[in-house]
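Report on the structure
Here is what each chain is made of, one letter per residue.
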Amino acid sequence: MSSERDFALESNAWPFQEARKLLKRVESAKKPDGEPVLFETGYGPSGLPHIGTFGEVARTTMVMQAFQAISDLPTRLICFSDDMDGLRKVPDNVPNKELLEPALGKPLTVVPDPFGTHPSFGEHNNARLQSFLDQFGFDYEFYSATRCYKAGEFDDVLRRFLECYDEVLNIILPTLGADRRKTYSPFLPVCPETGQVLMVPVVERNVENATIVYQREDGKKIETSVLGGAVKMQWKADWAMRWRALGVDYEMAGKDLIDSVRLSGRICRALGGNPPEGFNYELFLDENGEKISKSKGNGLSIEDWLTYASPESLSLYMFQQPRRAKRLYFDIIPKTVDEYFSHVQKFDGLEGDKRLQSPAWHIHGGNQIAAHLFIGINHLFEATRRALDQIIRQHDGKRFIADHVPDTPYGMAQTLRFLLPCISNLPRLLGHHGCGTDQDVILALLRQQPFQFTGMVKVIFNRLFAAARNKHQMFQTRFPRLFHRVLDQRLVDNRQHFLWHRLGRRQEPGSHTPNGKYNLTDFSGHRCDTQSNLNALNSVLSK
């Protein structure tokens, strides 16, 4: 019978393809016995970690796990922070901006921390990065550029830079504009007077003494060592130096950095190193197909995703088609959650190579996947509320957002998009009192028992949103029909979205005759029969 390793060596899943490519490199390089295969990801600490940070570390971890399945060689993952970069501008999203203005141009680990929690802004953001990665359980080691430079870990390669200075310039200069070529140097001295990282021309170099002479804007020439943190390297040269000094075997990068990866690879070879194997992933787009930008604020943040869904579902999104430009906006969350549950449910029934093809294997590191899945009820409420709000806005426009009184033909209270009918009856029906909102009511029911999924979870409170039948029933809406129509057409096929099974008992939502039985809320003098829906909810919770 074939072993898991046999299947891994043949698997078409992209992490295994990358792992086999890396194994071939490692075997040809003949690494010393016991030396780990080194994976690296990079982070610029001038800003906070974001969804792209998660994506790069998650995907790199998937490749590392695949490599561990096909090889017994030890592995390490380092997350490298470029915290010696000079502060180029004051970020918009920090307090106490006046502290940062005088520090422009200085290394981030020298810039004061505007949050007042760490000795420097760089250290604050490094701590945020580590906290960010720790909450997802990534297995990594943190590296600081400042520490590496000042501790002399890069000194040998910096000396080598001086030796092959002209060769490196011949690689870089053709990629620059005419004006930049005149003053370019891969070395960026840290000014001993101002503490700023300087972009200045190097006019002399002394290989034996490991020094350079640079010319400041005022014309003054200053000699400085290139060792011990007295300089840092321009970023493409810095990338190559890091690969050479640390012995990096694998690093991913976005599609927008393909040319930079190639250039840094050439520099790395000039330094006597072997550039790492890599993988170029596509960038995320917003719902309009435009590149997501932190400054524009378009697309989803990682906080947005985790408000409505689990980290594992986000890992699935990162696993799927990484070389394809994908839209990252709210509508894809329910679809991805659905797909995640589906993969996990099917996993125990898979055999042989199909297990290694499953995204569940890569998301959970090949470990035993729990048979029971748990999710916070607040995720469901937040996702449903957001979906209804967005669906109404996109599909019905102003008809469902009116400033008129309820008796107007198309009038509807603006807050209604979040109202559950008969909500005033729910505390009594559930046996709880003092609950002010739909979410509070359900959470009161769930406080002593987690919401356990034994099957796919789909429409909550089916039939609870009744259809409007006359102008007086102002809270009656056609939300379910609209909600399912949009989910069916835009997110998934054949009513496979995650708010359909179990609580709805696979019953079609729809209008009912205006006989009073399903009339909406007590607010308008009508009542609604929610007991069947609550019984359905209780039956799921009791299992």
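This text goes with the structure placed above it.
Note that the structure is predicted; figures quoted are calculated from it, not measured. (Residues numbered from 1 in each chain as written. Predicted model: local features only at pLDDT ≥ 70, side-chain atom pairs only at ≥ 80, totals over all residues. Heavy atoms only, no water.)

This brings us to the overall build of the protein. When helices and strands are tallied, the protein shows 20 helices and 14 strands. Split into buried and exposed, the 543 residues of the protein put 51% on the buried side. Partitioning the contacts of the protein with sequence separation of at least 6, the portion at a separation of at least 24 is 68%. (Helix = DSSP H or I, 4+ residues; strand = E, 2+ residues; numbered from the N terminus. Buried < 20%, exposed > 50% of the residue type's maximum accessible area, 1.4 Å probe, protein only. Contact = heavy atoms within 4.5 Å.)

Summarising the element assignment, Ser-260 is placed in helix α10 (residues 258–270). Not counting residues up to four positions away in its chain, the partners in contact with Ser-260 are Trp-235, Lys-236 and Trp-239.

With that settled, the discussion passes to the sheet that holds strand β1 (residues 37–43). Reading across from one edge, β3-β2-β1-β9-β10 is the order of the 5 strands in this open sheet, with parallel pairing throughout. Edge positions in the sheet fall to β3 (141–144) and β10 (277–281), since each of these pairs with one other strand and no more. Taking the axes of each pair of neighbouring strands and ignoring which way they run, one obtains an average angle of 25 degrees across the sheet. Where strand β2 (residues 75–81) lies against β3, 4 bridges are found, and the strand directions are parallel. (Pairing = 2+ DSSP bridges. Axes fitted to C-alpha atoms, helices over the stretch in contact; angles between N-to-C directions.)

This part takes up the sheet that holds strand β6 (residues 211–215). Pairing is antiparallel in the open sheet, where 3 strands are placed in the order β5-β6-β7. Only two strands of the sheet have a single neighbouring strand rather than two, namely β5 (202–206) and β7 (221–225). Going from strand to strand, the sheet's axes swing by 20 degrees on average, the running direction of each strand aside. Bridging between β5 and β6 involves 4 bridges; their strand directions are antiparallel. Across the sheet, Asn-206 pairs through a bridge with Thr-211, a residue of β6.

Turning our attention to the nonpolar core. In terms of nonpolar packing, the biggest core is built from 59 residues, with Phe-16, Phe-39, Phe-54, Trp-305 and Ile-333 touching the most fellow members. With 11 residues, helix α3 (residues 51–70) is the largest single contributor of residues to this core. For Trp-305, the contacting residues outside a window of four places in its chain are Leu-300, Ser-310, Ser-313, Leu-314, Tyr-317, Leu-328, Ile-332, Ile-333 and Thr-336. Residues Ala-145, Leu-158, Met-241 and Ala-253 belong to the second largest nonpolar core, which totals 43 residues. (Core = buried A, V, L, I, M, F, W, Y, C linked by side-chain atoms within 4.5 Å.)

This paragraph deals with the layout of surface pockets. Counted as a void, the second largest pocket has a volume near 440 Å³. Around the second largest pocket, the lining comprises 22 residues; the ones closest to its centre are Thr-61, Gln-65, Phe-136, Gly-137 and Phe-138. Breaking the lining of the second largest pocket down by element, the ones donating at least two residues are α3, β2, α12 (311–319) and α15 (359–363). Counting residues per element, the lining of the second largest pocket draws most heavily on α3, which supplies 7 residues. (1 Å grid on protein atoms, 1.4 Å probe; cavity = no way out; pocket = protein on both sides within 12 Å on 5 of 7 lines; lining within 4 Å. Points joined across faces, edges and corners; volume = space filled by probe spheres on them.)

The subject of this paragraph is the packing of aromatic side chains. For any pair of aromatic rings, geometry is given as the distance between the ring centres together with the angle between the planes. Scanning all chains against the criterion turns up 19 aromatic pairs. Here the aromatic rings of Trp-14 and Phe-279 are separated by 5.0 Å at their centres, their planes lie at 20 degrees, and the arrangement is stacked. One end of the pair, Trp-14, is in helix α2 (residues 14–29); the other, Phe-279, is in strand β10, and 265 residues separate them in sequence. Neither residue differs from the other here; Trp-14 and Phe-279 are each classed as buried. When the centroid spacing of 5.3 Å and the interplanar angle of 80 degrees are considered together, the rings of Phe-132 and Phe-136 count as edge-to-face. Of the two residues examined, Phe-132 and Phe-136, each falls in the buried class. One aromatic cluster is present, built from ring pairs that chain together Phe-54, Phe-132, Phe-136 and Phe-138. Over the aromatic face of Tyr-143 sits the side chain of Arg-147, whose NZ or CZ is 5.2 Å from the ring centroid. (Phe/Tyr/Trp six-rings, centres within 6.5 Å; stacked < 30°, edge-to-face > 60°. Lys NZ or Arg CZ within 6 Å of the ring centre and 35° of its normal.)

Further remarks concern the packing of helix α7 (residues 165–172) against α10. Closest axis-to-axis distance for the α7/α10 pair is 10 Å, and the angle between their directions is 165 degrees. When the interaxial angle is binned, α7 and α10 end up roughly antiparallel. When you trace α7 past α10, the crossing you get is right-handed. Contacts between α7 and α10 pair Glu-167, Val-168, Ile-171 and Ile-172 from the former with Leu-263, Arg-266, Ile-267 and Ala-270 from the latter. In terms of residue class, the contact of α7 with α10 is made up of 6 nonpolar, no polar and 2 charged. (Parallel < 35°, antiparallel > 145°, perpendicular 65-115°, else oblique. Left-handed = near helix turned anticlockwise from the far one by under 90°. Nonpolar A, V, L, I, M, F, W, Y, C, P; charged D, E, K, R; others polar.)

In the structure shown here, the tally under the stated rule is 20 salt bridges. The salt bridge partner of Glu-141 is Arg-76, with a shortest N-O separation of 2.8 Å. Linking Glu-141 in strand β3 with Arg-76 in strand β2, this pair joins segments that are 65 residues apart in sequence. Owing to a relative accessible area of 33%, Glu-141 belongs among the partly exposed residues under this scheme. Classification of Arg-76 as partly exposed rests on a relative accessible area of 24%. One salt bridge connects Glu-193 with Lys-220, and the closest N-O pair in it is separated by 3.7 Å. Here the residue Glu-193 occupies a position in the loop between β4 (187–189) and β5, and Lys-220 occupies one in the loop between β6 and β7, the gap between them amounting to 27 residues. A relative accessible area of 41% means that Lys-220 is categorised as partly exposed. What emerges from the salt-bridge pattern is a single network uniting Arg-25, Lys-31, Glu-35 and Asp-249. (Salt bridge = Lys/Arg side-chain N within 4 Å of Asp/Glu carboxyl O.)

Burial analysis of strand β9 (residues 250–254) places 5 of its 5 residues in the buried class, the great majority of the element. Here β9 shows no split at all, with Tyr-250, Met-252 and Gly-254 on one side and Glu-251 and Ala-253 on the other all buried. As judged from the 2 bridges shared by β1 and β9, these two strands associate in the parallel manner. Its bridge partner lying in β9, Glu-40 is registered against Glu-251. As paired strands, β9 and β10 are joined by 5 bridges and run parallel to one another.

Below, the discussion takes up α12. With 7 of 9 residues buried, α12 lies mostly within the body of the structure. Within α12, burial applies to Ser-313, Leu-314, Ser-315, Leu-316, Tyr-317, Met-318 and Phe-319. Just beyond α12, the residue with positive phi is Gln-321, at close to 40 degrees.

On their own, these measurements won't tell you what the molecule is for.
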